[in-house]
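Architecture and fold: a report
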Amino acid sequence: MRTFIETLENDYLTVQKVAEQSYGELLENAWSIADGVDLGDYTYPTFSLLEDLREHDEDAAIGGLRTLPIALEIAEETDRVTNSCTDKRWQFITALLHDIGKVSLPKQLLQKSSRGEEWTAQDMEATRPHAESGGKILFANGFPEVVCRAVAGHPPGAAPGPTGNRLRARQRDGGLPDDRTLRRQHAGVAHLAYARL
């Protein structure tokens, strides 16, 4: 049995690994995980919505793809510690599509980070409704209520900004993200794994 520290170290390695992967590699990994989770009738709608998100804001889609393996690992460890069983299908969909509501936000706002612009408090406030919008989008597409509630209730993240820009630049250049960025990414997915689905 792994200790808590060993679990954290393993999660950290997973964060580091997914931070280095391209969109295509992340997507391939998601399909592989989907095969093991058996999404059934939710497979096509899940990946179709992911593609809609990618077309609107690729960074948000990449965020979901990076969140997926980490959230599933945390959920598995939580199940082990609490002697419970999380439905991995719902955890998969929630992790992957937690930001689907961003399709309701203006591209101009979402692309500020890509252009190297700072986010204002007003920008952050404008993004707050994306979680609730995401729950509504999933509901309209026939996803289970438990998934819709989890997505609608996820807390807003930190504003993308220079750190996100540096991470993308370092990834393009083949460099690794710094420890602080990895820890922030890890903390950002923890709320998804601990949502008891």
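Conventions we followed
Within each chain, residues carry numbers counting from 1 in the order of the written sequence. In keeping with the model being predicted, local features are shown solely for residues with a pLDDT of at least 70 and side-chain atom pairs are shown and tallied solely at 80 or more, while totals for entire chains, interfaces and linings include all residues. For side-chain calculations, the full set of non-hydrogen atoms in the structure is used, while hydrogens and water are omitted. Secondary structure elements are defined from DSSP: runs of H or I of at least 4 residues count as helices, runs of E of at least 2 residues count as strands, and each element is numbered from the N terminus. Note on contacts: a residue pair qualifies if any of its non-hydrogen atoms lie within 4.5 Å across the two residues. All accessible areas in this document rest on Shrake-Rupley with a 1.4 Å probe, and a residue is counted as covered only by the protein chains that are shown. For every element, the axis is a line fit to its C-alpha atoms; helices are fit only across the contacting stretch, and the angle between N-to-C directions ranges from 0 to 180 degrees. In what follows, roughly perpendicular refers to angles from 65 to 115 degrees, roughly parallel to angles under 35, roughly antiparallel to angles over 145, and oblique to any angle outside these ranges. Between Lys or Arg on one side and Asp or Glu on the other, a salt bridge is scored when a side-chain nitrogen of the former is within 4 Å of a carboxyl oxygen of the latter. Exposure categories follow from relative accessible area, calculated using a 1.4 Å probe and restricted to protein chains: below 20% of the type maximum is buried, above 50% is exposed, and the middle band is partly exposed. Side-chain rings of Phe, Tyr and Trp, where Trp is taken by its six-membered ring, are said to pair if the distance between their centres is within 6.5 Å; with planes under 30 degrees apart they count as stacked, over 60 as edge-to-face, and otherwise as tilted. In this scheme the handedness of a crossing depends on how the near helix is turned from the far one: anticlockwise by less than a right angle means left-handed, clockwise means right-handed. Side-chain classes follow a simple rule in which Ala, Val, Leu, Ile, Met, Phe, Trp, Tyr, Cys and Pro form the nonpolar group, Asp, Glu, Lys and Arg form the charged group, and the remainder, Gly included, forms the polar group. To be clear, the arc concerns the directions from the helix axis to the C-beta atoms. Along the chain, pLDDT gives the predictor's confidence residue by residue, from 0 to 100.

A tally of helices and strands in the protein yields eleven helices and zero strands. Ordered by position from the N terminus, the helices and strands of the protein form the series α-α-α-α-α-α-α-α-α-α-α. Put simply, of all contacts in the protein between residues at least 6 apart along the chain, 75% involve residues at least 24 apart. Summing over all exposed atoms, the protein offers an accessible surface of approximately 10,200 Å²; the carbon and sulfur share of this is 53%.

In this section: the packing of helix α3 (residues 43-56) against helix α5 (residues 88-96). Orientation of α3 relative to α5, taken along the N-to-C sense of each, is 10 degrees, at an axis distance of 10 Å. Taken together, the axis directions place α3 and α5 in an arrangement best described as roughly parallel. Listed contacts from α5 to Thr 46, Phe 47 and Leu 50 of α3 are Phe 92, Ile 93 and Leu 96.

On to the pattern of salt bridges. A full pass over the atoms with the stated rule returns eleven salt bridges. The residue Asp 79 makes a salt bridge to Lys 88 at a minimum N-O spacing of 2.8 Å. The exposure class assigned to Asp 79 is buried, which follows from its relative accessible area of 7%. Across the pair Asp 87 and Arg 89 runs a salt bridge whose closest N-O atoms are separated by 2.7 Å. The exposure class of Arg 89 is partly exposed, given its relative accessible area of 28%. A single salt-bridge network, built from bridges that share partners, covers Glu 51, Arg 54 and Glu 58.

A few words on the packing of aromatic side chains. Remark: the centre distance and the inter-plane angle together describe each pair of aromatic rings, the angle taken between the planes. Applying the stated criterion to the full structure yields four aromatic pairs. Seen in terms of ring centroids, Tyr 42 and Trp 90 are 5.3 Å apart; in terms of plane orientation they differ by 85 degrees. Their pairing is edge-to-face. With Tyr 42 in the loop between α2 (23-37) and α3 and Trp 90 in helix α5, the pair connects residues that are 48 residues apart, well separated along the chain. With a relative accessible area of 22%, Tyr 42 lands in the partly exposed category. The buried category is assigned to Trp 90, whose relative accessible area is 12%. Connected via pairs of aromatic rings, a cluster forms that spans Trp 31, Phe 47 and Phe 92.

Further remarks concern the packing of helix α4 (residues 58-82) against α5. Packed helices, taken two at a time, are described by the angle their axes make and the gap between the axes. Where α4 meets α5, the axes come as close as 8 Å, and the angle between the chain directions of the two elements is 145 degrees. Viewed along their axes, α4 and α5 form a crossing whose handedness is right-handed. Taking contact as the criterion, the partners of Gly 64, Leu 65, Thr 67, Leu 68, Ala 71, Leu 72, Ala 75, Glu 76 and Asp 79 in α4 are, on α5, Lys 88, Gln 91, Phe 92, Ala 95 and Leu 96. The residue makeup of the contact of α4 with α5, split by class, is eight nonpolar, three polar and three charged.

This part covers helix α8 (residues 130-140). His 130, Ala 131, Gly 134, Gly 135 and Leu 138 are the residues of α8 that are buried. Viewed along the axis of α8, the buried residues span an arc of 145 degrees, placing them on a single side of the element. Opposite the buried face of α8, at more than 90 degrees from it, the exposed residues are Lys 136, Phe 139 and Ala 140. Looking at the buried positions of α8, the neighbouring elements they touch are α3, α7 (121-127) and α9 (145-152). Once α8 ends, the next one or two residues include Gly 142, with phi positive near 80 degrees.

Predicted confidence across the protein gives a mean pLDDT of 79, with 70% of residues reaching 70 or more. Per-element confidence in the protein ranges from a low mean pLDDT of 42 for helix α11 (residues 179-194) to a high of 97 for α3. Taken as a whole, residues 161-172 scores under 50 in pLDDT and shows 23 contacts with residues more than four places along the chain or in a different chain. Every residue in residues 174-197 scores below 50 in pLDDT, and together they form 57 contacts with partners more than four places removed in sequence or on other chains.

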